[in-house]
Amino acid sequence: QVHLKESGGGSVQAGGSVRLSCTHSGAPMSDYCMSWFRRTPGKRREEVAFIDRAGQTTYVDSVKGRFTISRDNAESSLALQMNGLRPEDTAVYYCAAGRVCLFGEDYVNYWGQGTRVSVSE
């Protein structure tokens, strides 16, 4: 059973930066593709960044050039560096792991509990 735990959320002004971290335990992280999702009130959970086992990344258009996903298999950790934050980035952010390496919520096997990021004007 994989356990994921996020940290690093908080409040920031527009234009600022936040770095989210996720620790992965229970199985080798190198066996999984990893993602960051977010959910805002009244909206579906949205995948914003994906990284496969080889380190190839995919981003949703709204965060390209501002967010960077990275992984450290030796440390069993995943990160999301978020720069140039906007009020519309306000959400609960979730770390996710999947054995099938495809972009999309259907391919997630494990979820973290989420960490909140609030961006003010």
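Residues numbered from 1 in each chain as written. Predicted model: local features only at pLDDT ≥ 70, side-chain atom pairs only at ≥ 80, totals over all residues. Heavy atoms only, no water.

K.L.:
How should the overall build of the protein chain be read in this particular structure?
P.N.:
Within the protein chain, the secondary structure is distributed over 0 helices and 11 strands. A compact globule built from 121 residues would reach a C-alpha radius of gyration of about 14 Å, and the protein chain, at 13 Å, matches this within 12%. Here the C-alpha coordinates of the protein chain stretch approximately 40 × 25 × 25 Å along the principal axes. Put simply, 57% of the contacts in the protein chain that link residues at least 6 apart link residues at least 24 apart. Here the protein chain holds 14 positive side-chain charges and 13 negative ones, and the gap between their average locations is 3 Å. (Helix = DSSP H or I, 4+ residues; strand = E, 2+ residues; numbered from the N terminus. Rg over C-alpha atoms; globule rule 2.2 N^0.38 Å. Contact = heavy atoms within 4.5 Å. Lys, Arg positive; Asp, Glu negative; His and termini not counted. Charge placed at Lys NZ, Arg CZ, Asp CG, Glu CD.)

K.L.:
Could you clarify how one ought to interpret the packing of aromatic side chains in this entry?
P.N.:
Two measures describe an aromatic ring pair: the distance that separates the ring centres and the angle between the ring planes. Inspection of every chain in the model, using the stated rule, returns 4 aromatic pairs. Plain terms: the ring middles of tyrosine 32 and tyrosine 110 are 6.1 Å apart, the flat faces sit at 70° to each other, and that makes the pair edge-to-face. Taken together, the residues tyrosine 32 in the loop between strand E3 (18–25) and strand E4 (33–39) and tyrosine 110 in strand E10 (residues 110–111) connect sequence positions 78 residues apart. With respect to class, tyrosine 32 is no different from tyrosine 110; both count as buried. Lying across the ring of tyrosine 94, arginine 45 places its NZ or CZ 5.2 Å from the centre. Here the basic side chain of arginine 45 rests over the ring of tryptophan 111, its NZ or CZ set 3.6 Å away from the ring centre. (Phe/Tyr/Trp six-rings, centres within 6.5 Å; stacked < 30°, edge-to-face > 60°. Buried < 20%, exposed > 50% of the residue type's maximum accessible area, 1.4 Å probe, protein only. Lys NZ or Arg CZ within 6 Å of the ring centre and 35° of its normal.)

K.L.:
Even after reading the chapter, I still don't get the nonpolar core, so can you show me in this structure?
P.N.:
In a soluble, globular protein the nonpolar side chains are often hidden away together inside. Counting 28 residues, the largest nonpolar core has Met34, Trp36, Leu80, Met82 and Tyr93 as its most contacted members. For this core, the elements supplying multiple residues, two or more each, are E3, E4, strand E5 (46–51), strand E7 (67–72), strand E8 (77–82), strand E9 (91–98) and strand E11 (115–120). The element best represented in this core is E9, accounting for 4 residues. The residues contacting tyrosine 93, other than those within four sequence positions of it, are Glu6, Leu20, Trp36, Phe37, Arg38, Phe67, Leu80, Met82, Gly114, Thr115 and Val117. Core analysis: the next-biggest nonpolar cluster, separate from the first, contains 5 residues, Phe37, Val92, Tyr94 and Val108 among them. (Core = buried A, V, L, I, M, F, W, Y, C linked by side-chain atoms within 4.5 Å.)

K.L.:
What is the right way to read empty space enclosed by the protein from this model?
P.N.:
Sizing a probe to match a water molecule and rolling it over the atoms shows the empty space that remains. As enumerated under the stated definition, the model contains 1 cavity of 30 Å³ or more in all. Space inside the largest cavity adds up to approximately 60 Å³. Surrounding the largest cavity, Cys33, Ser35, Glu47, Phe50, Ala96, Ala97, Gly98, Val100, Leu102, Gly104, Tyr107 and Val108 form its lining. With 3 residues, the single largest contributor to the lining of the largest cavity is E9. (1 Å grid on protein atoms, 1.4 Å probe; cavity = no way out; pocket = protein on both sides within 12 Å on 5 of 7 lines; lining within 4 Å. Points joined across faces, edges and corners; volume = space filled by probe spheres on them.)

K.L.:
I would appreciate a short explanation of the pattern of salt bridges in the present structure.
P.N.:
For side chains of opposite charge, pairing can occur when their charged atoms come near one another. What the rule picks out here adds up to 5 salt bridges. Residue arginine 38 is joined to aspartate 89 by a salt bridge in which the shortest nitrogen-to-oxygen separation is 2.9 Å. Placement of arginine 38 in strand E4 and of aspartate 89 in the loop between E8 and E9 is noted, with a sequence separation of 51 residues between them. You can call aspartate 89 buried: its relative accessible area is 1%. The partner of arginine 66 in a salt bridge is aspartate 89, and the shortest N-O contact between them spans 2.7 Å. Placement of the pair is arginine 66 in the loop between strand E6 (57–59) and E7 and aspartate 89 in the loop between E8 and E9, with a sequence separation of 23 residues. When its relative accessible area of 9% is taken as the criterion, arginine 66 is described as buried. Via salt bridges that share partners, Arg38, Glu46, Arg66 and Asp89 belong to a single interconnected network. (Salt bridge = Lys/Arg side-chain N within 4 Å of Asp/Glu carboxyl O.)

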